[in-house]
Amino acid sequence: MAMNEALAERTKKTRDFQSILNDVQNYITNKYAVLVTNSGEEKQDLLKSFMTKYIEDQNLAADGMTTIELVEQLYSEMAQFSFLTKYLYQSDVEEININSWEDVKITYSNGEILPAEGEFYNPTHAVDVIKRLLRQSKIVFDESKPLVRGHLNNKIRITAYMTPIVDETVGISASIRIVNPQKLGKKEFLYYNTATEEMLNFLEEAFRYGISICCTGATSSGKTTLMSYFLEKLPDNKRIFTAENGTREFDLVKRNTQGKVINNVIQTVTRDSEDIRQCIDSEKLLEFALTTNPDYICVAEMKGPESFAAQEAARTGHAVITTTHANGCEATYARMVTLCKMKYDMKDETLYQLVTEAFPIVVFCKKLEDNSRKIMEITECVIQKDGSRKIQTLWQYYIHTTKIEENGKVKVKGEFKKVHSISKDLLKRLQENGMPEELRKRYAEKGEG
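Residues numbered from 1 in each chain as written. Predicted model: local features only at pLDDT ≥ 70, side-chain atom pairs only at ≥ 80, totals over all residues. Heavy atoms only, no water.

Considerations on the packing of aromatic side chains
Here is step 1: Within this structure, the stated rule accounts for 10 aromatic pairs.
Here is step 2: Their ring planes at 75° and their centres at 5.6 Å tell us that Phe202 and Tyr443 sit as a pair that is edge-to-face. Of this pair, Phe202 sits in helix H8 (residues 197-208) while Tyr443 sits in helix H15 (residues 437-444); the two residues are 241 residues apart in sequence, bridging distant segments of the chain. The two residues Phe202 and Tyr443 agree in class, both being buried.
Here is step 3: Geometrically, the ring pair formed by Phe308 and Tyr344 is edge-to-face, given 4.8 Å between the ring centres and 75° between the ring planes. Residue Phe308 is found in helix H11 (residues 306-315), and its partner Tyr344 is found in the loop between helix H12 (329-340) and helix H13 (348-358); the two are separated by 36 residues along the sequence.
Here is step 4: By way of ring pairs, the aromatic residues Phe189, Tyr229 and Phe230 are connected into one cluster.
Here is step 5: Stacked on the ring of Tyr209, the Lys or Arg Arg208 has its end atom at 4.4 Å from the ring centre. (Phe/Tyr/Trp six-rings, centres within 6.5 Å; stacked < 30°, edge-to-face > 60°. Helix = DSSP H or I, 4+ residues; strand = E, 2+ residues; numbered from the N terminus. Buried < 20%, exposed > 50% of the residue type's maximum accessible area, 1.4 Å probe, protein only. Lys NZ or Arg CZ within 6 Å of the ring centre and 35° of its normal.)

Rendered as structure tokens:
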């Protein structure tokens with residue numbers, strides 16, 4: 001028996017993996033295509049069994065691989081996402097950036113950016129894998145539509161470009177963002193020195209007691225992770241409505257040990273369509289949100305006409321939390337004015353009055369040169385008796401030194417400082433919104449005169 005097995009091994013046709021993949025792909029696609037395009041453990045096992053039989057019947061082998069290893073690699077290439085698969089579900093990966101078919105970089109949660117372990121075989125292979133990733137989105141990705149945005153699931157967003165948008169030598173470029181792969185709590189924020197406990201307590205409690213907040217900053221600055229934390233800290237009996245763009249980033253539903261839902265959440269996403277009648281945008285979601293009696297509204301990102309609806313909701317008694325892209329707290333209000341004008345061409349001064357009333361607290365997040373994420377500033381917009389506005393800093397992160405160490409890594413040193421206390425008007429609003437006296441004392445004792 002052992003002699004027969006040894007003889008079989010010697011007579012196997014050893015070939016390179018790519019050529020075996022091409023043969024197996026042709027065979028499976030012609031005979032069992034439905035197994036490739038559908039998931040499920042039973043279908044996975046069946047597909048692998050057909051691959052194994054074909055390899056054994058054809059007496060094929062790949063250098064350095066057993067038959068089992070070869071089948072697993074073939075399955076990954078055909079039904080999964082090639083070497084990208086392991087990164088898509090790795091908890092410490094934030095982004096997969098495909099600069100070209102032969103240049104793939106992985107961004108980790110600690111800030112490191114490293115080349116991927118593995119590679120595409122050619123531009124066509126890269127396009128095939130990205131098309132597979134985009135299958136969940138049910139969108140066309142070819143020369144007629146070479147620029148697309150889609151998703152794999154609620155946590156993975158994909159932006160992809162192919163020829164002729166990028167050079168033929170590049171073949172394809174894509175950015176795959178794994179949104180908030182791990183939930184961070186206060187302990188993690190403090191460990192990473194994102195903010196002080198006092199800052200986190202204030203923001204958490206201010207939002208809990210009805211103060212609308214805008215988290216601002218660039219992409220990957222930590223806005224969404226911070227917002228998710230505040231939403232998760234809300235009492236289970238309060239109703240939360242979330243409106244997100246295209247894919248759902250938040251997973252706010254809580255269950256007890258018996259699997260029963262214990263909190264009160266409606267989570268919605270926009271829907272794009274080439275038929276304008278089928279489109280559901282953030283503005284439409286907010287319109288319906290106000291009829292569902294929410295205590296808190298989350299607008300995942302203000303980037304268009306929905307900004308006007310968001311500030312309207314915040315000015316009519318709802319606690320709203322949102323994000324936008326701006327380069328600082330004061331610049332955030334100017335950004336909001338610009339976005340609101342997409343809906344109504346009102347005077348800048350009028351819109352400024354509205355947005356500063358709607359969002360009295362702005363939080364500026366930033367990813368620093370050493371890849372650490374900080375809350376750089378928290379401001380309050382104080383409305384004076386004459387109606388004028390005063391933007392005052394409550395907390396700020398001061399950078400003392402930035403230097404390159406011997407190992408080539410950048411090190412940023414700084415400290416958080418409290419600059420001002422909250423205004424008496426804000427303290428009064430917190431009281432009216434039900435903040436207990438023991439919490440108010442924390443701020444009242446240091447309140448402005």
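Section: the sheet that holds strand S8 (residues 172-178)
Here is step 1: Taken together, 6 strands build an open sheet; the order of strands is S5-S4-S3-S8-S7-S6 and the sheet is antiparallel. Both edges of this open sheet fall to strand S5 (113-115) and strand S6 (147-153), since each of them pairs with a single strand only. The average undirected angle you get between the axes of adjacent strands in this sheet is 20°.
Here is step 2: As paired strands, strand S3 (residues 93-100) and S8 are joined by 4 bridges and run antiparallel to one another. Its bridge partner being in S8, Ile96 is matched across the sheet by Ile176.
Here is step 3: Set on the sheet, helix H6 (residues 123-134) makes contact with S3, S6, strand S7 (156-162) and S8; between it and S8 the angle comes to about 35°. (Pairing = 2+ DSSP bridges. Axes fitted to C-alpha atoms, helices over the stretch in contact; angles between N-to-C directions. Contact = heavy atoms within 4.5 Å.)

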